[in-house]
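Residue-level listing of the chains:
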Amino acid sequence: MSRYFYITTPIYYVNDKPHIGHAYTSIACDALARFKRLDGYDVHFLTGTDEHGQKVEKSAITAGVTPQEFVDMVSESFRELTEELNLSNDGFIRTTEPRHIMAAQAMWDALIAQGDIYLGSYAGWYSVRDEAFYAEDELVNGFAPTGAPVEWVEEPSYFFRLSAWQERLLAFYEANPDFIQPEGRRNEVISFVKGGLHDLSVSRTTFGWGVPVPNAPEHVMYVWLDALTNYLTELGYPDMHNPTFTNFWRSGETIHVVGKDILRFHTVYWPAFLMSAGVPVVDRVFAHGWWTNEGQKISKSIGNVIKPVQLVETYGLDATRYFLLREVPFGNDGNFSSMAMVQRINSELANTLGNLAQRTLAMVQKHVGGCVPSNTARIEAVDAPIEAAIYDLINKVRPAMEGLKFHYALELMMELGRLLNEYIDAQAPWNLRKTDVPRMEAVLYVLMEGLRCLGICLQPFVPRAASLWLEQLGVAEDARLCIHASAQYRLHSGATVPEPQPIFPRFEV
Ligand code: MSP
């Protein structure tokens with residue numbers, strides 16, 4: 001029986017070039033997608049671009065091109081980002097694709113059929129930057145609570161009866177305690193919903209760049225209703241009986257990973273739309289925090305936007321991926337600083353991991369003739385706790401990954417790395433070489449097993465480096481899954497291992 005796992009990033013607005021925020025969500029999803037694949041799941045990992053709405057239309061006008069030309073161009077830079085970041089996404093969706101326009105219209109029809117959409121007129125505040133409506137009492141000194149400017153909008157509009165979903169939403173959160181994570185965010189959402197829900201304006205008539213409302217083409221769908229539906233489009237919606245939909249949405253585990261700023265759309269509007277349309281609600285929505293740059297809020301006007309490509313060029317891709325997921329608990333806000341980045345690279349990747357591999361593999365090369373040492377000779381009592389820690393790593397990493405505790409999963413790997421460094425220092429195989437060769441081999445064997453299990457667990461985070469790492473241990477490509485991180489799949493003594501090369505170089509400032 002296959003187990004299915006569906007994971008999505010938000011689809012990114014194409015009004016802007018990729019920045020660290022986009023890279024962050026994408027890398028986190030990629031690490032989890034890769035882990036689940038290693039853990040035996042059939043995974044579908046989706047990312048893409050959100051191309052409609054007033055914000056995008058305005059950006060196109062400013063750029064002096066048609067909206068279609070504009071979105072084609074910027075969407076391409078997000079597609080390139082998936083390669084630059086070595087993402088393992090299975091799909092890339094664009095909301096201007098015909099398959100999506102059809103799905104969004106089908107979603108609309110489903111809401112209409114339930115009697116949850118009615119025609120009225122909207123008079124109130126709208127923020128183009130947030131693509132969100134705000135009530136008078138939500139404004140702070142004339143601005144949106146996010147700090148974005150708002151404008152007064154008065155136009156005919158269709159409404160979604162969100163107010164009618166308040167109690168059912170609360171009952172849903174109650175029955176599904178894991179729906180919103182982390183816990184603190186869940187409480188925030190619940191108190192927002194308890195505060196009362198207004199019906200939601202779901203169409204606009206004062207601009208044209210959107211999905212036409214079925215049977216009322218002078219309206220375009222509100223960009224969030226359009227955008228959220230992308231998660232279903234990818235699986236073949238409105239056909240809810242095709243195998244992809246059935247496997248991934250109905251019987252699989254589903255998770256949307258989003259930034260904290262777009263939690264309300266995903267945990268209030270989206271489950272209400274889904275319930276109304278008769279589609280099962282996604283299992284989990286996980287909200288991560290925001291990055292600042294050297295202590296400052298990141299903004300275009302300050303000019304301190306961090307471009308993912310620059311990080312990759314400066315520090316290398318794997319180091320960048322490692323840093324972003326290691327530096328702060330996923331869910332908390334984080335601060336980017338080049339000092340912290342260099343510190344992580346040098347102390348953890350280079351010193352703890354790199355040195356350990358280098359010391360072990362150089363000895364194997366020189367003193368065991370480039371072969372996996374013998375594991376039968378001279379295993380001693382001191383080795384038992386080390387071996388226990390090695391084979392227990394995956395059992396600790398798995399729940400950490402399930403909870404999206406990426407920094408903790410990496411800390412567990414570092415802990416083992418430090419333990420193995422202490423072990424190599426205490427056993428001093430370089431001395432044993434002269435006094436007790438069988439014992440030297442036994443120690444090197446234990447170390448190689450440690451490196452092997454570490455390498456397996458490192459793959460989701462630093463895929464290229466981990467692949468090289470496992471190659472140097474002579475681990476076959478089909479022996480790199482989570483189940484292989486156990487004693488049962490230990491290295492075969494006598495197997496040849498390639499000449500080692502440094503994998504995690506120090507970063508020299
Ligand atoms: N298009 C919507 C999402 C629709 S999903 C159906 C959108 N796009 S976005 O491009 O503006 O933002 C994408 C993601 O980037 C959000 O999850 C947001 O939280 C994240 N980030 C933007 N700036 C960020 C930081 N400075 N730090 C971390 N993430 C941030 O919203």
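Calculation notes
- Residues numbered from 1 in each chain as written.
- Predicted model: local features only at pLDDT ≥ 70, side-chain atom pairs only at ≥ 80, totals over all residues.
- Heavy atoms only, no water.
- Helix = DSSP H or I, 4+ residues; strand = E, 2+ residues; numbered from the N terminus.
- Rg over C-alpha atoms; globule rule 2.2 N^0.38 Å.
- Contact = heavy atoms within 4.5 Å.
- Areas by Shrake-Rupley, 256 points an atom, 1.4 Å probe, with all protein chains shown as cover.
- Lys, Arg positive; Asp, Glu negative; His and termini not counted.
- Charge placed at Lys NZ, Arg CZ, Asp CG, Glu CD.
- Pairing = 2+ DSSP bridges.
- Axes fitted to C-alpha atoms, helices over the stretch in contact; angles between N-to-C directions.
- Phe/Tyr/Trp six-rings, centres within 6.5 Å; stacked < 30°, edge-to-face > 60°.
- Buried < 20%, exposed > 50% of the residue type's maximum accessible area, 1.4 Å probe, protein only.
- Near = heavy atom within 4 Å.
- Polar contact = N/O pair within 3.5 Å; in protein donor to acceptor, adjacent residues only side chain to side chain.
- Nonpolar A, V, L, I, M, F, W, Y, C, P; charged D, E, K, R; others polar.
- Core = buried A, V, L, I, M, F, W, Y, C linked by side-chain atoms within 4.5 Å.
- Domains from an automatic or database assignment.
- Buried area = accessible area lost by both parts, 1.4 Å probe.
- Salt bridge = Lys/Arg side-chain N within 4 Å of Asp/Glu carboxyl O.
- Patch = residues over 30% accessible without salt bridge, like charges linked within 9 Å, V, L, I, M, F, W, Y side chains within 5 Å.
- 1 Å grid on protein atoms, 1.4 Å probe; cavity = no way out; pocket = protein on both sides within 12 Å on 5 of 7 lines; lining within 4 Å.
- Points joined across faces, edges and corners; volume = space filled by probe spheres on them.

### Regarding the overall build of the protein chain
Assigned secondary structure in the protein chain consists of 18 helices and 17 strands. For 509 residues, the compact-globule estimate of 2.2 N^0.38 gives 23 Å, and the C-alpha radius of gyration of the protein chain, at 26 Å, lies within 12% of that figure. Here the C-alpha coordinates of the protein chain stretch approximately 90 × 50 × 40 Å along the principal axes. Of the contacts formed within the protein chain by residues at least 6 apart in sequence, a portion of 77% connects residues at least 24 apart. By element, 53% of the accessible surface of the protein chain is carried by carbon and sulfur atoms, the whole surface being about 20,500 Å². Across the protein chain, 42 positive and 61 negative side-chain charges occur, with their mean positions spaced 6 Å apart.

### Quick word on the sheet that holds strand S12 (residues 216-221)
Strand order in this open sheet of three strands is S10-S12-S11, and the pairing throughout is antiparallel. Only two strands of the sheet have a single neighbouring strand rather than two, namely strand S10 (203-204) and strand S11 (212-213). Set on the sheet, helix H4 (residues 98-113) makes contact with S10, S11 and S12; between it and S12 the angle comes to about 100°.

### Re the packing of aromatic side chains
Overall, the coordinates contain 29 aromatic pairs when judged by the stated rule. Summarising the aromatic geometry, the rings of Trp125 and Trp152 are spaced 5.1 Å apart at their centres and angled 80° between planes, so their arrangement reads as edge-to-face. Remark: Trp152 occurs in strand S7 (residues 151-160) and Trp125 occurs in strand S5 (residues 117-127); sequence separation between them is 27 residues. Seen in terms of ring centroids, Phe172 and Phe179 are 4.9 Å apart; in terms of plane orientation they differ by 80°. Their pairing is edge-to-face. As far as the burial class goes, Phe172 and Phe179 line up, both buried.

### Considering the pairing of strand S1 (residues 3-8)
For S1, a buried count of five out of six residues is recorded, marking the element as mostly surrounded by other parts of the structure. Direction of pairing for S1 relative to strand S3 (residues 41-50): parallel, over a ladder of six bridges. Bridge assignment links Tyr6 to a residue of S3, and that residue is His44. Bridge count for S1 against strand S13 (residues 253-259) is four bridges, and the pairing is parallel. Following the sheet pairing, Ile7 is matched in S13 by Ile255.

### Here's the deal with the site of the ligand
Surrounding the ligand, one finds 22 residues, the nearest of these being Ile11, Asp50, Gly259, Asp261 and Trp291. Between the ligand and the protein, one listed contact pairs a nitrogen atom with a backbone N or O atom of Trp291 at 2.9 Å. For the ligand, the protein covers 94% of the area, taking 680 Å² as the surface of the free molecule. Elements that contribute at least two residues to the shell around the ligand include exactly strand S2 (12-13), helix H1 (20-38), helix H7 (223-228), helix H8 (230-233) and S13. Taken together, the residues of the shell around the ligand break down into 12 nonpolar, eight polar and two charged.

### Considering the nonpolar core
One finds Ile7, Met413, Phe461 and Trp469 to be the most contacted residues of the largest nonpolar core, which totals 97 residues. Sort the elements by how many residues they give to this core and helix H17 (residues 437-458) lands first, with 13 residues. Beyond its immediate chain neighbours, meaning those up to four positions away, Met413 contacts Leu393, Val397, Leu454, Cys457, Leu458 and Phe461. Membership of the second largest hydrophobic core comes to 76 residues, among which are Leu170, Tyr237, Leu263 and Trp270.

### Looking at the domain arrangement of the protein chain
By domain assignment, the protein chain separates into domain 1 (3-289) and domain 2 (338-489). Computed over C-alpha atoms, the centres of domain 1 and domain 2 are 42 Å apart. Buried area between domain 1 and domain 2, both sides added, is near 1,400 Å², and the carbon and sulfur share of it is 65%. Between domain 1 and domain 2 we count two salt bridges in total. Taking the shortest distance from any N to any O, the salt bridge between Asp39 and Arg398 comes out at 2.9 Å. Linking domain 1 with domain 2 are four residue pairs in polar contact (both at pLDDT 80 or more), by the criterion used here. For the side of domain 1 that touches domain 2, the leading source of residues is H1, giving eight residues.

### Examining a nonpolar patch on the surface
Side chains of Leu481, Ile483 and Tyr489 sit close together on the surface and give an oily, nonpolar patch of about 260 Å² of accessible area. With respect to the element layout, Tyr489 can be found in the segment after helix H18 (463-472). Overall, the relative accessible area of 33% leaves Tyr489 in the partly exposed class.

### Focus on empty space enclosed by the protein
This model, assessed by the stated rule, comprises three cavities of 30 Å³ or more. Forming the walls of the largest cavity are 13 residues, and the residues nearest its centre are Gly53, Phe207, Met221, Tyr222 and Val223. Within the lining of the largest cavity, the residues separate by chemical class into six nonpolar, four polar and three charged.

### Remarks on the sheet that holds strand S6 (residues 132-134)
In spatial order, the strands read S6-S5-S7-S9; together these four strands make up an open sheet with antiparallel pairing. The open sheet has two edge strands with one neighbour each: S6 and strand S9 (200-201). Bridge count for S5 against S7 is 10 bridges, and the pairing is antiparallel. The partner of Gly124 across the bridge, within S7, is Val153. The sheet strands contacting helix H10 (residues 263-277) are S6, S7 and S9, and the helix crosses S7 at an angle near 30°.

### So, a negative patch on the surface
A contiguous patch of negative charge, built from Glu80, Glu83, Glu84 and Glu313, is present on the exposed surface. Per element, the largest residue contribution to the negative patch is three residues, and it comes from helix H3 (residues 67-84). By secondary structure assignment, the location of Glu84 is in helix H3.

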